[in-house]
Amino acid sequence: MSQRSRSVTPDPRSPKRQKLGHLTKEDFKNGIFLAPMVRSGALPTRLFALKHGATLVWGPEIIDKAILHSKREVDPVTGVVSYNGVSRAIFTTHPVEKPYFIYQMGSSDPEIAVQAAKQVMHDVSGIDLNCGCPKPFSTHSGMGAALLTNPDLLCSILTALRAAMPPEITVTAKIRLLPSQEDTLKLVERIVNTGISALTVHCRTRNMREKDRAVIERLREIVEFVEGMGKGIAVIENGDCDGWEDAKRVRRVTGASSVMIARGAESNPSCFSATPLIDIEKTLMPSYIRLCKYFDHHLGLAKFCAAQFKSQRKEVTKAQSTIIRNTLGQAKTYDDMIDFVKTWTGEDEMKEIVKAIEINCPREHRMLPSSFVSEEVNSDFTTPPGTQNPEPPTSRAPLLPNDFINDTPAFLPSAALTPTPEGITAAPSIISLRS
Ligand SMILES: Cc1cc2nc3c(=O)[nH]c(=O)nc-3n(C[C@H](O)[C@H](O)[C@H](O)COP(=O)(O)O)c2cc1C
């Protein structure tokens, strides 16, 4: 938890910040999403994912009871919102991610789920119920994958959430496959009938481990089944997709219009771009650590996430990579990493992220409609010839708008932080990608 002095926020629902409009069922279509990941899906990772083209981002699962007694505090310098427990932050977010942010909860009780959702709903755009976690800490109390075999409870939680949340908050679910396809379809039918806005299917069964290949072929029938229900609900594929290029394969095999990526993004949060970063020890790690220090982010968590980053190396040698990784691993303070971070300009990193989101609204960054999946991505989304390490499409922005150059209190909720439809200067190619 940060030691910086904090203020209890004013009302987070400034009318100006709502300009982008709330999420609709359409926002879950033709997207490429960051999956919920405990530890690895921390705020800095979500922001870099958005910078590099993720359409929406899911937060790590938070157990319903854990958030209930937390205290909401805002860092007056960075605008980071923390829900603090007794000794640590249980959940952190930032207003800039709100229009794209889905909060995931673990629950086995409709009433507690509703209370937990009410606690955070002003800082998020949607609530997702985790119905897939196979770990005993989830299943022993009836949460996660245990809900798959207790559809009455699963559906009662979704129904209660939908009834209690205002219309601008979406309610979604993430499930795993059941061993039998017939049982899976029956479960999906019940879930879709609760009024959810989208359904993510992790294409593994409860007993399958990450190393087992996801059986994505089973998803096509589920996608067609849900289409046949006529409720306009997107089925989001999850499992073994490693980035923008690979998403085309996944969409072709499954018919799902959206894909959700976990481990691919854990390794490289820029995987959502058609031109993901390479030489990640130099292109991403220093920026990531700078942002973490600026946010006063938990050092151990920052080091853990950065240590997962992997990419193709072109200019960084193996020896350089080893030195950087050793420095990261041994650091006891942020300052111990100055050799490869070079300079503490985390505020500038944040400005870059805000600028990228402002210029190329992540919610407009869509995959091509399925009928075009075999075609090449528009050239605006590919590496310019002769460019070793191009900026991703989301950061091809001109200079910051004046609002961001001014030395105003950094990143406190303001209209400038939330892209608005009027304010989007998307390239024509981006507009043509809309479904
Ligand atoms: C480090 C890590 C943490 C995860 N935490 C969550 C979680 O909090 N909630 C959840 O629904 N799934 C969680 N998952 C599962 C992923 O969201 C995803 O379903 C799974 O990794 C398959 O996607 P992938 O093949 O793209 O990795 C986690 C996965 C990883 C690797």
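Residues numbered from 1 in each chain as written. Predicted model: local features only at pLDDT ≥ 70, side-chain atom pairs only at ≥ 80, totals over all residues.

The chain appears in an unreviewed UniProt entry as tRNA-dihydrouridine synthase 2 from Coprinopsis marcescibilis. What UniProt states about the chain under its Cofactor (unreviewed entry) heading is, verbatim, "FMN". (UniProt positions renumbered as here; feature names shortened; annotations may be inferred.)

### Digging into the nonpolar core
In a soluble, globular protein the nonpolar side chains are often hidden away together inside. Formed by 115 residues in total, the largest nonpolar core has its most connected members in Phe33, Val57, Leu199 and Ile236. Element by element, the count of residues in this core is highest for helix H11 (residues 285-295), at seven residues. Setting aside anything within four residues of it in sequence, one finds Val57 in contact with Phe33, Leu34, Arg46, Ala49, Leu50, Glu97, Tyr100 and Phe101. (Core = buried A, V, L, I, M, F, W, Y, C linked by C-beta atoms within 7 Å. Buried ≥ 20, exposed ≤ 12 C-beta atoms within 10 Å, placed from the backbone. Helix = DSSP H or I, 4+ residues; strand = E, 2+ residues; numbered from the N terminus. Contact = placed C-beta atoms within 7 Å.)

### Quick word on the pairing of strand S8 (residues 126-131)
Counting buried positions over the six residues of S8 gives six, a clear majority of the element. Strand direction decides the pairing type here: strand S7 (residues 101-106) and S8, joined by four bridges, are parallel. Directly across from Tyr103, in S8, lies its bridge partner Ile127. As for the winding sense of the linkage, the β-α-β connection from S7 through helix H3 (residues 110-120) to S8 is right-handed. (Pairing = 2+ DSSP bridges. Right-handed = clockwise from strand over helix to strand, strands pointing away.)

### Notes on the packing of helix H5 (residues 151-164) against helix H6 (residues 181-192)
Interaxial distance between H5 and H6 falls to 9 Å at its minimum, and their mutual angle equals 25°. With respect to their mutual orientation, H5 and H6 come out roughly parallel. As H5 runs across H6, the sense of the crossing is right-handed. Facing Pro151, Leu154, Cys155 and Leu158 of H5, the residues of H6 in contact are Leu187, Arg190 and Ile191. The residue makeup of the contact of H5 with H6, split by class, is six nonpolar, no polar and one charged. (Axes fitted to C-alpha atoms, helices over the stretch in contact; angles between N-to-C directions. Parallel < 35°, antiparallel > 145°, perpendicular 65-115°, else oblique. Left-handed = near helix turned anticlockwise from the far one by under 90°. Nonpolar A, V, L, I, M, F, W, Y, C, P; charged D, E, K, R; others polar.)

### Looking at the sheet that holds strand S5 (residues 81-84)
Pairing in this open sheet of three strands is antiparallel, and the strands run S4-S5-S6 from one edge to the other. Both edges of this open sheet fall to strand S4 (71-74) and strand S6 (89-93), since each of them pairs with a single strand only. For this sheet the average axis-to-axis angle between neighbouring strands, irrespective of direction, equals 20°. Two elements, S4 and S5, share four bridges in a ladder whose sense is antiparallel. From the neighbouring strand, Lys71 faces S5, where its bridge partner is Asn84.

### Describing the site of the ligand
Close contacts around the ligand come from 25 residues, with Ala35, Met37, Glu61, Ala262 and Arg263 the closest. Take the shell around the ligand: its biggest share by element is three residues, from helix H9 (residues 263-267). Of the residues contributing to the shell around the ligand, the split by class is ten nonpolar, eight polar and seven charged. (Near = placed C-beta within 6 Å.)

### Re unusual backbone geometry
At Arg39, a position not held by glycine, the phi torsion is positive, near 65°. Relative to the helices and strands, Arg39 resides in the loop between strand S1 (32-34) and helix H1 (43-51). Accessibility expressed as a C-beta count within 10 Å gives 13 for Arg39, which makes it partly exposed. Positive phi, normally seen in glycine, also occurs at Asp296, with a value near 60°.

### Some details on the environment of Gly232
Structurally, Gly232 is set in the loop between helix H7 (219-229) and strand S11 (234-238). C-alpha of Gly232 to C-alpha of Lys29: the two residues are 203 residues apart in sequence and 9.6 Å apart in space.

### Here's the deal with the environment of Met165
The residue Met165 is located in the loop between H5 and strand S9 (170-177) in this model. Sequence separation between Met165 and Ala117 is 48 residues, and the spatial gap between their C-alpha atoms is 7.8 Å. The residues touching Met165, leaving out its near neighbours within four places in the chain, are Ala117, Met121, Ile127 and Val171.

### Focus: the pairing of strand S10 (residues 198-205)
Extensive coverage of S10 is indicated by the burial of seven of its eight residues. Alignment of S9 against S10, held across six bridges, turns out to be parallel. When the sheet's bridge partners are listed, Thr172 is paired in S10 with Ala198. In this view, the connection linking S9 to its parallel neighbour S10 by way of H6 has right-handed handedness. Sheet topology note: the S10/S11 ladder contains five bridges and is parallel.

### Quick notes on H11
Burial analysis of H11 places eleven of its eleven residues in the buried class, the great majority of the element. Met285, Pro286, Ser287, Tyr288, Ile289, Arg290, Leu291, Cys292, Lys293, Tyr294 and Phe295 are the residues of H11 that are buried. At the exit of H11 stands Asp296, carrying a positive phi of roughly 60°.

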